[in-house]
Amino acid sequence: MARVALVTGGSRGIGEAISKALKAEGYEVAATYAGNDEKAAAFTEATGIKTYKWNVGDYEASKAGIAKIEEEIGPIDIVVANAGITRDAPFHKMTPEQWQEVIDTNLTGVFNTVHPVWPGMRERGFGRIIVISSINGQKGQFGQVNYAATKAGDLGIVKSLAQEGAAKGITANAICPGYIATEMVMAVPEKVRESIIKNIPAGRLGEPEEIARCVVFLASEDSQFINGSTISANGGQFFV
Ligand code: CAA
């Protein structure tokens, strides 16, 4: 039977590419989205991948949504915690609301997505947790105190889960994309974006599919011994 993969924020941007790539590899894929019904419907129509709507920042909603997927499709073997938002502002202008929204989605959202599937993975002796962090969690970023804090925190989650899951056949790894050609990056003011691209040795933004290929590898049986690691895919912009 095909393994089941859950991709949060899986109908747009990097998540869309991940959902499609996993489906192409033969996984049963469920994609979540937070708000854009129209885009989600178009995505399902085009790909045949079912979508489920909930706010990853809400634990009870995540738990209920995951229970529904497991009932309709089957036990979740692979979690790709991809849903993320930005609320960029220099620190002196950042509001507590901008801080909290990003924490709720990008950091607590990972807890809320992994926690409900973890007991089942432990029982079955197999699991893949793949968290989409960011280059800005590694290096920090002007205007992103909130976002960088969550993406660095995501790396702490992964490194800890890796140690807790290893004996049960569960791996947890992170991918740190650099600047990828998605709506999120296109929302950065054009002048700022141009100066960012100048600092990418590859001379271009990444493509969502380049991140999806990393996910496909980490989801596979072959990646069992890779645990707690971070794959950087950023065109040479930053090394750890
Ligand atoms: N480094 C140093 N100084 C900077 C700067 C930078 N990167 N960006 C702006 N500044 C300076 C400006 O030059 C300006 O200086 P002066 O007042 O002396 O002229 C000052 O900061 C304030 O600038 P603004 O008035 O433009 O500030 P703002 O309130 O309009 O907001 C910002 C600025 C929101 C931070 C904007 O610069 C921005 O959006 N930056 C991009 C942040 C970014 O990279 N976000 C990534 C989004 S994509 C993503 O997150 C995906 C991923 O994982 C990679």
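Below you will find a few notes about this structure.

## Examining the nonpolar core
Counting 27 residues, the largest nonpolar core has Trp54, Ile69, Ile76, Val79, Val114 and Ile129 as the members making the most contacts within it. Mapped onto this core, the elements with two or more residues apiece are strand S1 (4-7), helix H3 (59-72), strand S4 (76-81), helix H4 (96-114), helix H5 (118-124), strand S5 (127-132), helix H7 (145-165) and strand S6 (170-177). Excluding residues within four positions of it along the chain, Ile76 makes contact with Val4, Leu6, Ile66, Ile69, Glu70, Val117, Met121 and Arg124. Leu22, Ala31, Ile130 and Ala233 belong to the second largest nonpolar core, which has 26 residues in total.

## A short note on a nonpolar patch on the surface
The grouping of Phe91, Trp99 and Val145 at the surface amounts to a nonpolar patch, some 300 Å² of accessible area in total. With respect to the helices, strands and loops of the structure, Trp99 is situated in helix H4. Given the relative accessible area of 33%, Trp99 is considered partly exposed.

## Structural notes on the site of the ligand
Near the ligand there are 19 residues, and of these Asp88, Lys93, Ser134, Tyr147 and Tyr179 occur at the shortest range. Within the side chain of Gln141, a nitrogen or oxygen atom sits 3.4 Å from an oxygen atom of the ligand. With respect to the ligand, the side chain of Tyr179 contributes an N or O atom lying 2.8 Å from an oxygen atom. Its free accessible area being 1100 Å², the ligand has 57% of it covered by the protein chains. Residue assignment for the shell around the ligand shows that the elements contributing at least two residues are helix H8 (183-186) and helix H9 (190-198). In the shell around the ligand, the residues fall into ten nonpolar, seven polar and two charged.

## Digging into the packing of aromatic side chains
For the coordinates displayed, the defined rule picks out one aromatic pair. Taking the centre distance of 6.0 Å and the plane angle of 35 degrees together, the rings of Tyr59 and Phe111 count as tilted. With a gap of 52 residues between them, Tyr59 in helix H3 and Phe111 in helix H4 connect regions that are remote in the sequence. Judged by relative accessible area, Tyr59 falls into the partly exposed class, the value being 24%. Overall, Phe111 belongs to the partly exposed group, its relative accessible area being 44%.

Thresholds, definitions, all that
- Residues numbered from 1 in each chain as written.
- Predicted model: local features only at pLDDT ≥ 70, side-chain atom pairs only at ≥ 80, totals over all residues.
- Heavy atoms only, no water.
- Core = buried A, V, L, I, M, F, W, Y, C linked by side-chain atoms within 4.5 Å.
- Buried < 20%, exposed > 50% of the residue type's maximum accessible area, 1.4 Å probe, protein only.
- Helix = DSSP H or I, 4+ residues; strand = E, 2+ residues; numbered from the N terminus.
- Contact = heavy atoms within 4.5 Å.
- Patch = residues over 30% accessible without salt bridge, like charges linked within 9 Å, V, L, I, M, F, W, Y side chains within 5 Å.
- Areas by Shrake-Rupley, 256 points an atom, 1.4 Å probe, with all protein chains shown as cover.
- Salt bridge = Lys/Arg side-chain N within 4 Å of Asp/Glu carboxyl O.
- Near = heavy atom within 4 Å.
- Polar contact = N/O pair within 3.5 Å; in protein donor to acceptor, adjacent residues only side chain to side chain.
- Nonpolar A, V, L, I, M, F, W, Y, C, P; charged D, E, K, R; others polar.
- Phe/Tyr/Trp six-rings, centres within 6.5 Å; stacked < 30°, edge-to-face > 60°.

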